[in-house]
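Structural characterization, general
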Amino acid sequence: MYNSKISGLGMYVPENVVTNEDLSKIMDTSNEWIIERTGIKERRHIKKGDGNTTATMGVEAAKIAMKRAGIEKNEIDLILFATLSPDYYFPGSGVLVQELLDIPTCPAMDIRNQCSGFIYAISTADQYVKSGMYKNILVIGSENHSGGLDMTSRGRGVSVIFGDGAGAAVVSREEDLTKGILSSHLHSEGKYAEELALISPSTNRWVPEIIDSNDSEDISYYPNMNGQLVFKNAVVRFSEVIMEGLKHNNLSPDQIDMLIPHQANLRISQFVQKRFGLSENQIHNNIQKYGNTTAGSIPIALTEAWQEGKIKEGDIVVLAAFGSGFTWGSTIIRW
Ligand code: UT7
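Here's a quick rundown of the structure. Keep in mind that this is a model prediction, so the values were computed, not measured.

This next bit is on the overall build of the protein. The number of helices and strands found in the protein is 11 helices and 13 strands. The C-alpha radius of gyration of the protein comes to 19 Å, within 12% of the 20 Å expected for a compact globule of 335 residues. Projected onto the principal axes, the alpha-carbon positions of the protein cover approximately 60 × 50 × 35 Å. Look at the contacts in the protein between residues 6 or more apart in sequence, and 77% of them connect residues 24 or more apart. Element-wise, carbon and sulfur atoms account for 50% of the exposed surface of the protein, whose accessible area totals about 14800 Å². Each charge class in the protein was averaged separately, 31 positive and 40 negative side chains, and the resulting centres sit 4 Å apart.

What follows is the structure in structure tokens.
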């Protein structure tokens, strides 16, 4: 029997800072609206020609995580890459990381679960390590949203929220069964698939069909979101799935040392914080600086919280996410 633990963390965001003021120059929005409704002050966007892609950002985060874990590239047994914005339609970005890190024929798998992608990936890594099959797994969450957003007033309800960036964790074998990843809890509800989705291009609507229609009003190739419905479901599901994880491990909310919620909206995080009676020291938010980086958001926030010394050995750390699918999940860790 083995347990698994996070042995190293890393993050990477592009240098290019885009403020709310910058956005208000190109679309009908304002710094006040964005801060009041989301808490976001700025986000990072890849700049054309700066060399960043979903895979390369993941690699930069991974290099830091591997260094901190004290493992060499040839000790990585599996790459799990969570993203909704892979470099190519296919293959996934995991294989690009294998090539960029030069890990000979290491298996690589992409996880397509949007905002919950990192939780699903951590859960998958945990099972491979606990079964004894693999010792060290590189788990990456990375997104390049900026190039695919509708940066006009028409897309303002979505475009102001999302940012680019990557986070990574090395999940390693842990012999002490009282420590490490205790459990993950995963859910989905596909009836809401189109409430937060990017519909085209897809096998329902291939590129030739889009070109043939020659419709300048076609917005199916931009992400669309029923914001209020997503918000309402998010606050319920976040709370449920955190409680499910705590109960499973005989823990109570006051035993949470650090909650890392997916950075969807500061108001959602604050609702959950209040619901569980957590102080400012028991939650880490950074949506103010990076916006919503989807699969990147939890590993970026976790890395930052750890770097700032907010997570100590023995702490109960809770990760929780909700998003497109709908999918949601939580992971409970004794650090
Ligand atoms: O990570 C994946 C999960 N995603 C989420 O959890 C997101 C959940 N949803 C949300 O965070 C919020 O619903 C939003 C931040 C997306 C929107 O906030 P809201 O308070 O729900 O606003 P709303 O969509 O109800 O829109 C209110 C008004 C509308 O104008 P009218 O109809 O009242 O005149 C919008 O057209 O705000 C307008 N609006 C904007 N105004 C300025 C929408 N986007 C903008 C904008 N700037 N960027």
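When two helices pack together, their arrangement is given by the angle between the helix axes and the distance between those axes. For the pair helix 3 (residues 54-69) and helix 4 (residues 94-101), interaxial distance at closest approach is 9 Å and the crossing angle is 60 degrees. Our classification of the angle between helix 3 and helix 4 gives oblique. Crossing angle aside, the handedness with which helix 3 passes helix 4 is right-handed. Where helix 3 approaches helix 4, its residues Ala55, Thr56, Val59, Ala62, Lys63 and Met66 are matched on the opposing element by Leu96, Val97, Leu100 and Leu101.

Before going further, it helps to spend a moment on unusual backbone geometry. Comment: phi is negative for the bulk of residues other than glycine, and the bulk of peptide bonds are trans. Omega for the bond connecting Phe90 with Pro91 falls within 30 degrees of zero, at -5 degrees, which places this linkage in the cis form. By secondary structure assignment, the location of Pro91 is in the loop between strand 4 (78-82) and helix 4. Geometrically, the link from Gly325 to Phe326 is a cis peptide bond, its omega value of -15 degrees lying close to zero. Mapped onto the elements, Phe326 comes out in the loop between strand 12 (316-323) and strand 13 (327-334). For Asn250, which is not glycine, the phi torsion reads 55 degrees and is therefore positive.

With mixed pairing, 4 strands are arranged side by side in an open sheet as 8-13-12-11. Taken across any chain shown, the strands that pair with only one partner, and hence form the sheet edges, are strand 8 (180-188) and strand 11 (258-261). Between one strand and the next, the sheet's axes are offset by a mean angle of 10 degrees, whatever the strand orientation. The pairing of strand 8 with strand 13 spans 8 bridges and is classified as antiparallel. Looking across to strand 13, one finds that Leu186 is bridged to Gly329.

Moving on to the packing of helix 8 (residues 227-248) against helix 9 (residues 266-275). In contact at an axis separation of 10 Å, helix 8 and helix 9 are set at 40 degrees when each is read in the N-to-C sense. With respect to their mutual orientation, helix 8 and helix 9 come out oblique. Crossing of helix 8 over helix 9 shows right-handed handedness. Of helix 9, the residues touching helix 8 (which contributes Phe231, Ala234, Val235, Phe238, Ser239 and Ile242) are Arg267, Ile268, Phe271, Val272 and Arg275.

Let us now look at the pattern of salt bridges. Within this structure, the stated rule accounts for 15 salt bridges. Here Arg156 makes a salt bridge to Asp28, at a shortest N to O gap of 3.4 Å. Here the residue Arg156 occupies a position in helix 6 (residues 156-159), and Asp28 occupies one in the loop between helix 1 (20-26) and helix 2 (31-38), the gap between them amounting to 128 residues. Looking at Arg156, the relative accessible area reads 39%, which means it is partly exposed. A relative accessible area of 52% means that Asp28 is categorised as exposed. One continuous salt-bridge network, built from bridges that share partners, spans Glu189, Lys191, Arg237 and Glu240.

Let's shift gears to helix 3. Across its 16 residues, helix 3 extends 22 Å between first and last C-alpha, which sits within 8% of the 22 Å expected from 1.5 Å per residue. Three or more residues of helix 3 are buried, namely Thr54, Ala55, Met57, Gly58, Val59, Ala61, Ala62, Ala65 and Met66. As for helix 3, its buried residues are in contact with strand 1 (3-12), strand 4, helix 4, strand 6 (136-143) and strand 7 (165-174). Gly70 sits one or two positions beyond helix 3 and adopts a positive phi of about 70 degrees.

Let's shift gears to the site of the ligand. By nearness alone, 22 residues border the ligand, and Thr29, Arg37, Gln228, Asn265 and Asn292 come closest of all. Contacts to the ligand include Thr29, whose side-chain N or O atom sits 2.7 Å from a nitrogen atom. Within the side chain of Asn265, one N or O atom sits 2.7 Å away from an oxygen atom of the ligand. Going through the elements one at a time, helix 2, helix 6, helix 8 and helix 9 are the ones with two or more residues in the shell around the ligand. Among the elements that make up the shell around the ligand, the one with the highest residue count is helix 8 (4 residues). Considering only residue class, the shell around the ligand consists of 10 nonpolar, 8 polar and 4 charged.

Thresholds applied
Residues numbered from 1 in each chain as written. Predicted model: local features only at pLDDT ≥ 70, side-chain atom pairs only at ≥ 80, totals over all residues. Heavy atoms only, no water. Helix = DSSP H or I, 4+ residues; strand = E, 2+ residues; numbered from the N terminus. Rg over C-alpha atoms; globule rule 2.2 N^0.38 Å. Contact = heavy atoms within 4.5 Å. Areas by Shrake-Rupley, 256 points an atom, 1.4 Å probe, with all protein chains shown as cover. Lys, Arg positive; Asp, Glu negative; His and termini not counted. Charge placed at Lys NZ, Arg CZ, Asp CG, Glu CD. Axes fitted to C-alpha atoms, helices over the stretch in contact; angles between N-to-C directions. Parallel < 35°, antiparallel > 145°, perpendicular 65-115°, else oblique. Left-handed = near helix turned anticlockwise from the far one by under 90°. Pairing = 2+ DSSP bridges. Salt bridge = Lys/Arg side-chain N within 4 Å of Asp/Glu carboxyl O. Buried < 20%, exposed > 50% of the residue type's maximum accessible area, 1.4 Å probe, protein only. Expected span 1.5 Å × (residues − 1). Near = heavy atom within 4 Å. Polar contact = N/O pair within 3.5 Å; in protein donor to acceptor, adjacent residues only side chain to side chain. Nonpolar A, V, L, I, M, F, W, Y, C, P; charged D, E, K, R; others polar.

Function-wise, these values are silent; they only describe arrangement.
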